[in-house]
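# Reading the structure
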Amino acid sequence: MEDVCEGKDFSFPLEEQRVLELWSKLDAFHEQLRRTEGGEEFIFYDGPPFATGLPHYGHILAGTIKDVVTRHQSMRGRHVMRRFGWDCHGLPVEFEIDKLLGITNRQQVLDLGIGKYNETCRGIVTKYVAEWEAVVTRTGRWIDFKADYKTMDINFMESVWWVFGQLWDKDLVYKGFKVMPYSTGCKTALSNFEAGLDYRTVPDPAVMVSFPVIGDADNAALVAWTTTPWTLPSNLALCVNANLVYAKVKDRSNGTVYIVAESRLGQLPVKAKASGKKQAPSKGSNAEAVQGGLDTESYELLAKIPGSSLVGLKYTPLFDFFLELQDTAFRVIADNYVTDDSGTGVVHCAPAFGEDDHRVCLSAGIIEASGLVVAVDDDGHFIEKISQFKGRHVKEADKDIINAVKDKGRLVSKGSIEHSYPYCWRSGTPLIYRAVPSWFIKVEKIRDQLLECNKETYWVPDYVKEKRFHNWLEGARDWAVSRSRFWGTPLPVWISQDGEEIVVMDSIEKLERLSGVKVNDLHRHHVDDITIPSSRGPEFGVLKRVEDVFDCWFESGSMPYAYIHYPFENRELFEKNFPGNFVAEGLDQTRGWFYTLMVLSTALFGKPAFKNLICNGLVLAEDGKKMSKSKQNYPSPMEVIDEYGADALRLYLVNSPVVRAESLRFKRIGVFGVVKDVFLPWYNAYRFLVQNAKRLEVEGLTAFSPIDQASLRKSSNVLDHWIHSATESLVSFVHQEMDAYRLYTVVPYLVKYIDNLTNIYVRFNRKRLKGRTGEEDCKISLSTLYHALVTTCVAMAPFTPFFTEVLYQNLRKASSKSEQSIHFCSFPSTTGERDERVERSVTRMMTIIDLARNIRERHSKALKTPLKEMVVVHPDSEFLEDITGKLKEYVMEEMNVKTVTPCNDPMKYASLRAEPNFSVLGKRLGKDMGKVSNEVKKMTQEQILAFEQSGEISFLGHCLTLDDIKVVRQFKRPVDVSEKEIDAAGDGTS
């Protein structure tokens with residue numbers, strides 16, 4: 001082994017660069033794959049990011065989790081194919097191109113030409129690929145960029161066609177006209193889970209509008225409340241709840257008569273009184289008779305009306321844009337979606353702009369499925385039909401529409417409301433709800449299967465699966481998978497001119513066979529013009545492809561099949577190893593990728609797509625806010641890596657709440673803390689070994705060569721046995737926790753192990769390690785330390801791939817049988833030779849030493865002052881045997897005492913006191929708590945000892961266990977000893 005520098009001179013970033021050079025020279029990643037080829041497959045699915053932006057901490061976090069798990073599995077002998085993937089299609093790419101080319105509407109794309117537009121999209125898809133590869137490689141992640149997959153590759157797209165073809169054959173696809181979240185910024189409909197990605201609290205106008213009932217004796221008007229005034233020009237019906245009671249009231253100031261739900265009367269506007277103050281309703285008979293807070297000074301109650309009797313009433317339209325529908329429209333209908341917890345109990349229905357509006361209007365015959373007019377175009381502007389506001393963006397027209405309603409004398413009140421509203425996750429513009437034609441997957445039909453498949457998966461943390469994801473699946477709706485866009489995988493649906501004949505292409509071969517055209521690219525500008533002849537004969541013309549493309553979430557959900565071009569290739573590989581073993585992404589993917597994976601795999605195979613999943617939380621700025629480039633409220637990842645090294649960043653992220661789907665406030669000092677608390681103590685133990693191994697050579701002795709572990713187990717030194725057992729425990733723990741995908745438990749255990757290695761093994765064995773107890777004993781202790789360090793490095797290599805490689809490359813020089821890289825080593829196997837007794841005894845010895853130090857400090861007795869006697873009180877005879885036997889010399893030397901005396905009778909030096917555990921008992925005992933508490937406090941020494949022995953005791957009919965009562969031990973000085981002669985400290989357990 002070569003000499004090493006002091007910890008303060010060790011540059012983590014510089015050493016990591018050298019390791020990267022070594023890996024490159026060895027072609028280490030591919031060599032590891034070659035070595036495990038033929039072994040059990042461990043299938044890992046890597047969710048594809050978009051390469052239109054640079055990687056951030058969220059990507060590094062997910063990448064680290066993936067790397068730790070896959071490296072560990074590789075070291076267990078499994079073959080882990082790791083191919084990087086790129087999401088190439090969809091809104092994120094088109095949005096960038098629209099900004100680049102100044103495109104603001106659909107027609108501009110058609111004028112430019114779909115081919116030119118798509119090729120421009122293709123050109124920016126790989127814009128940051130080089131930067132991604134540099135950052136990912138620098139973080140230590142092993143993944144194949146050369147054999148990557150892209151969702152725009154023809155093989156990937158063909159598999160996506162196959163997936164859709166299978167769903168079509170299973171009758172899980174239909175074309176529908178559905179009101180969906182719609183982004184005017186991106187000019188496309190979004191799926192429900194996309195709509196849930198960006199909710200913001202914003203102010204919106206809130207207006208009450210009157211709708212005069214035709215033929216009403218009192219000239220009454222129904223009053224509806226809305227926060228979307230732009231939908232009022234499309235009003236075709238009013239909806240009430242037939243089970244609610246409505247009230248007809250008269251405005252005393254102007255004689256206007258309104259109808260609203262009885263429980264919502266308090267929402268009607270009240271005129272200011274002469275005093276200028278709004279007055280509370282008087283306590284007259286009317287006020288007492290009406291619920292909802294009617295102001296009887298402003299309004300007179302005329303009648304109560306059951307909601308059912310309002311159904312069928314006709315009313316005067318607000319605008320005249322849809323008068324051609326007056327035979328069926330402009331009437332009152334009923335549905336239970338109308339509630340009385342907000343608004344007026346009367347809902348204005350614009351069937352093209354509300355999911356419930358569309359449903360109830362269709363059901364009541366207000367509109368026909370094929371006859372719906374959508375008065376807003378793809379860009380969010382009113383069409384020609386809405387002549388008064390044509391060409392205006394809907395949200396910008398709100399104010400003018402309110403004024404138009406006011407001019408018609410139909411505005412009852414105007415205000416604003418602050419509420420949670422969905423925004424487009426890509427363009428940042430407010431969404432509207434708009435009826436669009438789309439192709440749907442029948443998710444509702446397989447909802448029960450989805451819930452069953454979810455039960456077959458294992459999640460960390462499990463509450464995300466059991467609550468968040470389960471709830472999302474429970475409310476799953478049919479999924480609109482088509483987008484009226486350009487850059488994406490085209491829907492493989494060809495339809496005849498009369499709509500009677502539909503052919504779905506599930507392969508390129510099928511398209512080529514039916515069309516007679518050679519196909520080399522599946523994008524729109526290559527397949528849109530391909531037609532196929534009708535199977536019914538030439539008189540029926542040809543079938544043309546529908547214009548839509550797939551939602552990019554459908555593509556990423558198809559990834560388990562498409563990235564290996566299944567079923568056209570790799571059939572055996574897929575079918576033997578599905579579901580996949582492991583996926584990992586952020587919490588937001590419960591409504592994104594995790595969801596689409598689950599839907600498609602359940603629909604295709606009746607199985608989940610994955611067996612194990614780690615869900616991480618969000619990495620926030622130090623102030624708890626979202627990381628923002630413009631605000632510069634966080635250090636760049638490469639800046640942190642260049643200062644502290646990638647391993648420190650990896651451990652910092654893995655050892656945080658973010659791996660349990662909670663949020664992490666990123667603190668630069670936290671990364672430094674990992675260097676200080678983990679790596680430097682670890683390095684110092686390693687350096688101490690190297691220094692003393694080199695000393696053997698300097699002193700003319702034989703060069704250090706580690707004694708084999710089988711021989712070392714015969715050592716008579718108790719701490720040799722202890723560190724061997726503690727190392728076995730570490731390996732066993734890492735193995736156990738990695739099997740359970742609990743990465744966050746490993747680092748605390750490692751920190752404690754390294755602390756024990758340096759502060760117990762190295763500290764207490766300095767004489768042996770420095771050769772002061774003889775050459776043979778020195779070699780035994782150095783070899784023991786050597787094997788502990790090598791084993792620890794191998795076990796932890798997946799977590800800290802750089803640091804462990806640095807140590808290993810020097811340590812391997814002392815052994816002729818070692819691998820070229822630590823990452824070619826097998827994960828350490830446990831021999832099962834743990835000595836739990838010695839581990840427990842050493843832990844207790846350290847507790848005793850800490851307690852004894854406290855006593856010395858309390859009395860200002862320096863360690864150089866010898867003390868006559870240390871009495872160790874503990875009921876465990878085995879421990880007392882160890883502490884006064886093989887561990888005695890360490891205690892005596894460390895604490896400078898002349899004798900160590902055992903005592904197995906705690907009552908000789910302690911008195912016992914029982915206290916009720918209020919936090920546990922409070923809820924359970926209720927009003928009996930006070931009486932039971934008094935009984936517990938009165939417990940005698942004998943009762944407490946008997947309670948500890950039996951584990952339970954009863955008071956006033958309540959059985960209390962060891963969790964319910966705290967037993968406190970207090971030092972009791974023997975009667976024949978003075979205060980100056982003796983003092984004590986304890987941990988409360990003996």
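Residues numbered from 1 in each chain as written. Predicted model: local features only at pLDDT ≥ 70, side-chain atom pairs only at ≥ 80, totals over all residues. Heavy atoms only, no water.

As annotated in an unreviewed UniProt entry, the chain carries the name isoleucine--tRNA ligase and is attributed to Aegilops tauschii subsp. strangulata. What the UniProt record of the chain gives under Catalytic activity (unreviewed entry) is the line "tRNA(Ile) + L-isoleucine + ATP = L-isoleucyl-tRNA(Ile) + AMP + diphosphate". (UniProt positions renumbered as here; feature names shortened; annotations may be inferred.)

### With respect to unusual backbone geometry
The step from Y566 to P567 runs through a cis peptide bond, and the omega angle for that step is 5°. Here P567 lies in the loop between α18 (559–562) and α19 (571–576). Each neighbour pair has its own omega, and for F578 with P579 the value is 5°, a cis peptide bond. Phi angles above zero are rare outside glycine, and N219 is one such case at about 55°. By the secondary structure assignment, N219 is in the loop between β5 (199–212) and β6 (221–226). Residue class for N219 comes out exposed when judged on its relative accessible area of 64%. Even without being glycine, A661 reaches a positive phi, approximately 70°. Inspection of the secondary structure puts A661 in the loop between α22 (646–654) and β26 (664–665). By relative accessible area, which is 8% here, A661 ends up buried. (Helix = DSSP H or I, 4+ residues; strand = E, 2+ residues; numbered from the N terminus. Buried < 20%, exposed > 50% of the residue type's maximum accessible area, 1.4 Å probe, protein only.)

### Overview of the environment of L653
Among the structural elements, L653 can be located in helix α22. You can call L653 buried: its relative accessible area is 0%. Note: C-alpha distance between L653 and L244 (409 residues apart in sequence) is 55 Å. Residue contacts for L653: discarding those within four places in its chain leaves I60, L61, V658, V659 and L664. (Contact = heavy atoms within 4.5 Å.)

### Here's the deal with the side chain of D144
Turning to its location among the elements, D144 is positioned in strand β2 (residues 144–150). Within the structure, the side chain of D144 is placed 3.0 Å from the backbone nitrogen of A147, a separation counted as a polar contact. When neighbours within four sequence positions are excluded, D144 is seen to be in contact with F29, H30, R82, R83 and F84. (Polar contact = N/O pair within 3.5 Å; in protein donor to acceptor, adjacent residues only side chain to side chain.)

### A word on the sheet that holds strand β18 (residues 493–495)
Taking strand neighbours across the sheet as the criterion, the four strands line up as β19-β18-β21-β20 in an open arrangement whose pairing is antiparallel. Every other strand in the sheet has two partners, leaving β19 (502–504) and β20 (532–533) as the edge strands with one partner each. Where β18 meets strand β21 (residues 542–545), two bridges bridge the pair, whose relative direction is antiparallel. Paired with W494 across the bridge in β21 is R545. Contacts from helix α8 (residues 154–169) reach β18 and β19, with the element oriented near 130° to β19. (Pairing = 2+ DSSP bridges. Axes fitted to C-alpha atoms, helices over the stretch in contact; angles between N-to-C directions.)

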